[in-house]
Amino acid sequence: MGNSLKAIVAFVPSDECQKYLLEDLEEMPVDKMVDLSGRQLRRLPLHICSFRELVKLYLSNNNLNHLPPELEQLQNLQILALDFNNFKALPLVVCTLKQLCILYLGNNKLCSLPLELRLLQNLKTLWIESNCLQCLPEVVCELSLLKTLHAGSNALRSLPAQLRCLQELRTIWLSSNLLSEFPPVLLDMPFLEVIDVDRNSIRFFPSLAHLPGLKLVIYDHNPCRNAPKVAKGVRRVGRWSEETPEPRKRSGAVIEITLIEKPSPPPGTKPEAE
């Protein structure tokens, strides 16, 4: 089915047209996964909400801006991908899916997240990159099992102090934001393993040597004049990261060592729930 035809059919609300978009998906797949990514969908076909044992639902790269209340029937859902759509607000029905472990909300138009998000107490991975967030919603700090937070490519200038409450958090991606200083709250999170502050406006890095769990810090593309000090065995990606612990000086000038490109996670890579 061509994309142009899909786009036309997506406007027609009849059951016949919706089944046409679903192609042969009349019964729940044996693997309990439905992938409707890139189908030009403007609304979720209600037929999907009858698959009550569904575990994984991928709706990436469509034209969705709302979800039906019937989605609440999918109480076994663990992975929900809503990235690359047109959501200006997170549909509250998502917050009723209490078994969710992984939620992808990247590349939408979100300026905030609802307080009801705190109901997703099983959430371990949250991707909210490439939205319109000017501050990290404090409700994120109530997701006690969260292990991975991807908040890159927003307009964040700071992080809330409550973030330190997320003692299960191991990886935080903050690249391409508006941070002018290294977020102080991260200095009080000894359990962090990966910190990414690439492409911000940080001019000075404090020592990170006291963080026992740290394995990788990515700080490239900042206007800094020092590399963050780290404990032995911790990998740094940025200026002066490998050859020397600090920039070499000669005649008062700072010599920049080889730049190393950040190994960013591919947008299409979707980790499974643990």
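Under an unreviewed UniProt entry, the name given to the protein chain is LRC10 protein, and the source organism is Scopus umbretta.

(A) Focus on the state of the cysteines. This structure, assessed with the given rule, holds 0 disulfides. Between Cys 111, a free cysteine, and Cys 132, which holds the nearest cysteine sulfur, the sulfur-to-sulfur gap is 4.7 Å. Cys 141 carries a free sulfur, and the closest cysteine sulfur to it, the one in Cys 165, is 7.0 Å from it. Exposure remark for Cys 141: the relative accessible area of 8% places this residue in the buried category.

(B) Seen up close, the packing of aromatic side chains. Scanning the entire structure with this criterion turns up 3 aromatic pairs. A network of ring pairs unites the aromatic residues Phe 182, Phe 205 and Tyr 219 as a single cluster.

(C) View of the environment of Asn 107. Relative to the helices and strands, Asn 107 resides in the loop between β4 (102-104) and β5 (125-127). A relative accessible area of 24% places Asn 107 in the partly exposed class. Non-local contacts of Asn 107, meaning those with residues more than four positions away in its chain, are made with Phe 84, Asn 85, Glu 129, Ser 130 and Asn 131.

(D) How the structure looks around the side chain of Arg 236. One can find Arg 236 in strand β10 (residues 235-237). A polar contact of 2.8 Å, which involves the side chain of Arg 236, links it to the backbone oxygen of Pro 228.

(E) Up close: the sheet that holds strand β6 (residues 148-150). Within the open sheet, the 10 strands sit side by side as β1-β2-β3-β4-β5-β6-β7-β8-β9-β10. Their pairing is parallel. Each end of this open sheet is capped by a strand with a single partner; those strands are β1 (33-35) and β10. Each adjacent strand pair in this sheet contributes to an overall mean axis angle of 5°, direction not counted. The sheet contact formed by β1 and strand β2 (residues 56-58) spans 3 bridges and is parallel. Looking across to β2, one finds that Asp 35 is bridged to Tyr 58.

Criteria and cut-off values
- Residues numbered from 1 in each chain as written.
- Predicted model: local features only at pLDDT ≥ 70, side-chain atom pairs only at ≥ 80, totals over all residues.
- Heavy atoms only, no water.
- Disulfide = S-S within 2.5 Å.
- Buried < 20%, exposed > 50% of the residue type's maximum accessible area, 1.4 Å probe, protein only.
- Phe/Tyr/Trp six-rings, centres within 6.5 Å; stacked < 30°, edge-to-face > 60°.
- Helix = DSSP H or I, 4+ residues; strand = E, 2+ residues; numbered from the N terminus.
- Contact = heavy atoms within 4.5 Å.
- Polar contact = N/O pair within 3.5 Å; in protein donor to acceptor, adjacent residues only side chain to side chain.
- Pairing = 2+ DSSP bridges.
- Axes fitted to C-alpha atoms, helices over the stretch in contact; angles between N-to-C directions.

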